[in-house]
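# Structural overview for review
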Amino acid sequence: MAIHTLAVLVENSPGVLARVASLFSRRGYNIDSLAVGPTENPKVSRMTIVLNLEGHALDQVNAQLFKLVNVIGISEMKPAESLQRELLLVKVANTPKSVELSKKFGAKFIEANGVLEVEAVGERAEIEKFLTELKAVGIKELVQSGVVAMEKGATTLADRTLTTMGTANQSNQDNSTADYQN
Amino acid sequence: MSEKITGAQSLVKALEQTGVDVMFGIPGGAILPAYDPIFDSKIRHILVRHEQGAGHAATGYAQVTGKVGVCIATSGPGATNLVTPLADAQMDSVPIVAITGQVPGPAIGTDAFQEADIRGVTMPITKHNYLITNPDEIPNAIAEAFYIARTGRPGPVLVDIAKDALQMKTEFKYPSNLNLAGYNPVVNPDLKMVQQAAQLICESKKPVLYIGGGIIKANASAELMQLAELINAPVVTTLMARGAFPDSHRLHLGMPGMHGTVAAVTALQKADLLITLGARFDDRVTGKLSSFATKAKVIHADIDPAEIGKNRHADVPLIGDLKNILKALIPTVKSELAKNKPDLTSWWQEVDSWRNRFPLGFDEPADGSLSPQYVIKRIGEISGPDAIFAAGVGQHQMWASQFINYEKPRTWLNSGGLGTMGYAVPAAMGAKVGAPNQTVWAIDGDGCFQMTNQELVTCALNNIPIKVAVINNESLGMVRQWQTLFYNQRYSNTDLHSKRVPDFKLLAEAMGCVGMRCESKADVDKTIEAAMAINDRPVVVDFNVHRDAMVWPMVAAGTSNDEITVARSMAPVWDSQEL
């Protein structure tokens with residue numbers, strides 16, 4: 001099991017999610033989660049893709065992904081160097097145990113019509129641990145956002161990847177693009 | 001302010017400004033607005049008989065000229081008929097642009113008449129594609145499509161345009177520069193890597209230049225020649241690279257792979273260094289990957305970073321345009337050679353012994369019937385080194401690769417990656433349009449020919465005098481060969497009866513071509529010469545050949561290249577020290 005988290009900047013254009021999904025499906029790369037949303041730049045969207053790579057090299061995945069014309073930049077979010085968060089919404093039975101667990105994991109909760117609506121934000125491992133313990137109480141419904149990740153510190157992904165964003169022309173733009181080429 | 005024109009006029013103006021001189025297509029409802037300004041355009045439009053023919057013709061044109069080939073079709077079935085040629089061009093990295101009409105914007109997604117989501121369909125088989133619903137975006141999409149198709153690793157780009165976008169008024173504005181944030185192909189190699197490659201080359205005792213189709217795409221044959229002669233290494237050219245290096249050259253061992261020469265296959269297996277230029281370690285070349293060239297270090301030069309390490313680890317990757325890579329590599333190797341010149345004498349002794357003991361050859365059929373290899377060999381010899389050959393897929397394709405000598409790049413066209421039966425006739429048509437002064441032969445099989453021969457009508461009506469050799473063994477020959485070897489001679493559904501039906505001679509004549517038939521060895525030369533003498537019409541020659549001829553040598557699919565057989569159940573007899 002090799003889990004990698006990729007932050008991918010893509011042009012905000014129709015079909016781009018389908019292109020990424022189609023590529024992963026066609027090449028047999030397993031996606032654990034994929035979250036996509038807008039960024040500080042309205043022309044650019046950002047995906048956070050958690051991959052379970054068994055038998056595929058990360059370099060190869062990056063290179064294939066980067067071949068998509070709408071993909072602007074890719075950077076691996078290493079656990080120690082990035083903030084990684086996932087949102088969990090879950091309905092469980094409203095019992096003292098479920099309230100206790102929610103408090104223990106720092107989750108927000110509302111009691112409503114005999115159920116407890118719980119909202120938790122955290123790192124993947126914490127969320128999974130919380131879920132395991134909640135299972136004993138009885139989960140009625142759950143939904144997870146997938147991981148979103150951001151590099152720690154002052155450097156932004158756009159700094160890393162968009163510095164040469166601009167015109168395509170005949171001249172060679174060395175090191176213009178993704179991390180993996182450097 | 002410039003005057004308002006329709007989206008369709010804007011499209012045609014954009015195509016003209018991009019430099020398109022010919023396109024292949026068929027009109028239909030959704031693309032119809034575009035055909036009105038096409039009627040007035042200086043761009044030559046060739047009306048094909050099936051959209052697949054338009055796609056392969058665009059490919060043939062692109063392969064011969066190095067320019068972007070263009071095909072055009074309507075929505076729905078017109079567009080889906082382009083799927084095979086697009087997939088074909090994607091696999092063989094051929095720069096083509098397909099323009100398709102789409103149902104009007106408001107109808108998209110309603111399952112309208114002749115609606116197909118061709119952008120969705122072709123996403124995995126194009127380099128990039130577009131769906132345009134705003135007429136103002138047409139010129140930019142066209143400019144981008146051509147730029148993406150021809151730069152970096154070339155490939156097909158599809159531009160799908162909604163019918164109402166073609167009808168609406170717009171202002172024509174051709175972009176002066178393109179804004180493609182995510183597309184910047186690396187063209188110049190990392191010089192540190194070039195230095196490392198030069199060092200490996202000068203340390204190698206058993207180098208092989210493993211040449212792929214990328215050399216032809218990069219127009220780098222002259223540079224390849226310089227490097228090969230400089231380092232005096234054996235050269236092998238893959239199916240896509242035939243013609244990249246002259247077959248007559250002393251360094252050339254021929255084609256590697258499943259039906260490669262013993263010398264080429266074995267040289268790769270025993271090499272200590274593969275200098276891989278624009279090749280991609282395809283399974284048809286490597287055989288069982290884990291047993292391929294196990295002792296070799298790998299220099300892998302390619303414009304596509306995703307090819308590096310995809311199938312085989314590269315010790316030294318060189319990413320960039322092959323011409324630039326070679327221009328940087330040659331002087332670096334020269335200065336390294338001044339310090340350290342490896343002695344390749346014993347390597348050449350080994351290589352030459354394989355080459356001398358196991359030349360390509362074939363047996364004449366015992367029953368006196370015509371040998372397909374002989375026919376193909378004579379077509380090559382009589383037509384000469386400037387002729388262009390387009391093959392279908394199967395036995396005849398392998399024989400055309402093996403028994404025709406290719407001396408120049410862009411004289412050999414075939415469907416290497418996708419293996420598209422039916423490629424030959426339309427590709428030859430496109431090739432002849434691109435190179436009207438060269439002889440163009442389609443070397444086709446009787447199975448392949450029956451898939452796309454309708455384009456001979458197009459050829460006859462548009463003064464595209466190609467020549468077609470139908471290597472008629474009345475069967476799906478390569479499949480039959482596998483049935484012979486691996487399925488106990490159970491010939492399930494491979495017998496085409498095509499010596500009885502259809503009558504290819506009459507069929508050719510019905511389509512406005514000259515039809516000929518040849519059944520004996522004695523008639524081969526004069527038939528070919530008669531075909532060569534006709535230049536005002538297409539010619540089809542039905543060569544009735546022996547049906548049980550097989551392609552040798554052969555490495556069975558999924559096995560090691562060490563298990564190459566030179567004839568049925570006949571492994572090469574190696575000297576003991578070679579094993």
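Rules of the game
Residues numbered from 1 in each chain as written. Chains lettered and ligands numbered in written order. Predicted model: local features only at pLDDT ≥ 70, side-chain atom pairs only at ≥ 80, totals over all residues. Heavy atoms only, no water. 1 Å grid on protein atoms, 1.4 Å probe; cavity = no way out; pocket = protein on both sides within 12 Å on 5 of 7 lines; lining within 4 Å. Points joined across faces, edges and corners; volume = space filled by probe spheres on them. Helix = DSSP H or I, 4+ residues; strand = E, 2+ residues; numbered from the N terminus. Nonpolar A, V, L, I, M, F, W, Y, C, P; charged D, E, K, R; others polar. Pairing = 2+ DSSP bridges. Axes fitted to C-alpha atoms, helices over the stretch in contact; angles between N-to-C directions. Contact = heavy atoms within 4.5 Å. Domains from an automatic or database assignment. Buried area = accessible area lost by both parts, 1.4 Å probe. Salt bridge = Lys/Arg side-chain N within 4 Å of Asp/Glu carboxyl O.

### Some thoughts on empty space enclosed by the protein
Residues and elements named next belong to chain B. All chains considered together, the criterion is met by one cavity of 30 Å³ or more. In this structure, the largest cavity encloses a volume near 100 Å³. Forming the boundary of the largest cavity are Gln 63, Gly 213, Ile 216, Lys 217, Leu 239, Met 240, Arg 410, Trp 412, Leu 413 and Asn 414. Contributions of two or more residues to the lining of the largest cavity are made by helix H10 (214-217) and strand S16 (412-413). Of the residues contributing to the lining of the largest cavity, the split by class is five nonpolar, three polar and two charged.

### Some words on the sheet that holds strand S4 (residues 71-76) of chain A
Residue and element names in this part refer to chain A. With antiparallel pairing, four strands are arranged side by side in an open sheet as S2-S3-S1-S4. Edge positions in the sheet fall to strand S2 (30-38) and S4, since each of these pairs with one other strand and no more. With strand direction ignored, the average angle separating the axes of adjacent strands in the sheet is 20°. Bridge analysis of strand S1 (residues 3-11) against S4 gives five bridges, and the strand direction is antiparallel. Across the sheet, Leu 6 pairs through a bridge with Glu 76, a residue of S4. Contacting S1, strand S3 (44-52) and S4, helix H2 (residues 58-67) crosses the sheet at an angle of about 165° to S4.

### Some words on the pairing of strand S7 (residues 115-122) of chain A
Residues and elements named next belong to chain A. Pairing of strand S5 (residues 82-93) with S7, which is carried by eight bridges, proceeds in the antiparallel orientation. Each bridged residue has a counterpart across the sheet, and for Glu 86 the counterpart in S7 is Gly 122. Bridge count for strand S6 (residues 108-112) against S7 is five bridges, and the pairing is antiparallel. By the bridge assignment, Ile 110 is partnered in S7 with Glu 117. Connecting S6 to the next strand, S7, in antiparallel fashion are two residues, including Asn 113 with a positive phi near 45°.

### Let's talk about the environment of B:Arg568
Its place among the elements puts B:Arg568 in the segment after strand S20 (539-544). Non-local contacts of B:Arg568, meaning those with residues more than four positions away in its chain, are made with B:Thr484, B:Leu485, B:Gln489, B:Met550 and B:Trp552.

### Quick look at the layout of surface pockets
As a volume, the second largest pocket reaches approximately 880 Å³. Along the walls of the second largest pocket sit 31 residues, with A:Glu11, B:Tyr130, B:Glu137, B:Asn140 and B:Glu144 positioned nearest its centre. Broken down by secondary-structure element, the contributors of at least two residues to the lining of the second largest pocket are strand S6 (128-132) and helix H7 (138-150) of chain B. By residue number, the principal contributor to the lining of the second largest pocket is S6(B), which donates five residues.

### A short note on the domain arrangement of chain A
All names here are of chain A. The assigned domain composition of chain A is domain 1 (2-76 + 152-165) and domain 2 (82-144). Spacing between the C-alpha centres of domain 1 and domain 2 amounts to 29 Å. Contact residues are listed per partner, giving five residues for domain 1 and four residues for domain 2. In this assembly, domain 1 packs against domain 2 so that about 370 Å² is buried in total across both faces, 48% of it on carbon and sulfur atoms. Interface area lost by domain 1 to domain 2 is led by Thr 5, Asp 32 and Lys 152, which between them contribute 76%. Put simply, domain 1 and domain 2 have one salt bridge between them. Residues Arg 124 and Asp 32 are paired through a salt bridge, measuring 3.4 Å at the closest nitrogen-oxygen approach.

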